[in-house]
Amino acid sequence: MRLDKYLKVSRIIKRRTVANEACDAGRVTINGKVAKAGSEVKVGDIIEIKFGSGSTKVEVLDISETQKKEAAAAMYRSVQ
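Residues numbered from 1 in each chain as written. Predicted model: local features only at pLDDT ≥ 70, side-chain atom pairs only at ≥ 80, totals over all residues. Heavy atoms only, no water.

Q: Could you give an account of the overall build of the chain, with specific residues and numbers?
A: Of regular secondary structure, the chain possesses two helices and five strands. Shown N-terminal to C-terminal, the secondary structure of the chain runs as helices and strands in the order α-α-β-β-β-β-β. Relative to a compact globule of 80 residues, whose C-alpha radius of gyration would be 12 Å, the chain shows 11 Å and is just as compact. With respect to the principal axes defined by its C-alpha atoms, the chain has extents near 30 × 25 × 20 Å. Expressed as a percentage of its 80 residues, the buried residues of the chain come to 34%. Taken as a whole, the chain presents about 5000 Å² of accessible surface, with 49% of it coming from carbon and sulfur. In the chain, 16 side chains carry a positive charge and 10 a negative one; their mean positions are 3 Å apart. (Helix = DSSP H or I, 4+ residues; strand = E, 2+ residues; numbered from the N terminus. Rg over C-alpha atoms; globule rule 2.2 N^0.38 Å. Buried < 20%, exposed > 50% of the residue type's maximum accessible area, 1.4 Å probe, protein only. Areas by Shrake-Rupley, 256 points an atom, 1.4 Å probe, with all protein chains shown as cover. Lys, Arg positive; Asp, Glu negative; His and termini not counted. Charge placed at Lys NZ, Arg CZ, Asp CG, Glu CD.)

Right, dumping it as structure tokens:
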């Protein structure tokens, strides 16, 4: 699945256009490498997103094309 779509479906980022902009600005990495919006996401990947002065790091647990709002949080877990 594309990175921008995964970020939207999992509700880490609310809109796909915002996910695209974050990727284009170089603020998103997969396994330590800067990722583009079209990069493939696989189960087990570590995604890090830099927001201003902080950052969020998550591990991909599940990939599905659609997800209900209540179940979206089960697609990833926070990593420190």
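Q: Would you mind going over the environment of Val9 in detail, with residue names and values included?
A: Within the secondary structure, Val9 is located in helix 1 (residues 3-9). What makes Val9 buried here is its relative accessible area of 8%. Sequence separation between Val9 and Val34 is 25 residues, and the spatial gap between their C-alpha atoms is 21 Å. Apart from residues lying up to four places away in sequence, Val9 is in contact with Ser64, Glu65, Thr66, Gln67, Ala72 and Met75. (Contact = heavy atoms within 4.5 Å.)

Q: Explain the sheet that holds strand 4 (residues 54-60) to me, and be specific about the residues and the numbers.
A: Pairing between sheet strands relies on hydrogen bonds along the backbone, with the strands arranged either parallel or antiparallel. Judged by pairing direction, the sheet is antiparallel, and its five strands sit side by side in the order 2-1-3-4-5 without closing on themselves. Among the strands making up the open sheet, the edge pair consists of strand 2 (33-34) and strand 5 (76-78). The pairing of strand 3 (residues 46-51) with strand 4 spans six bridges and is antiparallel. Opposite Ile46, over in strand 4, you have Glu59 as the bridge partner. (Pairing = 2+ DSSP bridges.)

Q: Let's hear about the nonpolar core: which residues, and what values?
A: The nonpolar side chains of soluble globular proteins are, as a tendency, buried together. Ranked by size, the top nonpolar core spans 20 residues in total, and within it Leu3, Tyr6, Leu7 and Ile47 carry the most contacts. Residue assignment for this core shows that the elements contributing at least two residues are helix 1, helix 2 (16-24), strand 1 (28-30), strand 3 and strand 4. The element contributing the most residues to this core is helix 1, with four residues. Excluding its chain neighbours within four sequence positions, the residues that come into contact with Leu3 are Cys23, Val28, Ile30, Ala35, Lys36, Ala37, Ser39, Val41 and Ile47. (Core = buried A, V, L, I, M, F, W, Y, C linked by side-chain atoms within 4.5 Å.)

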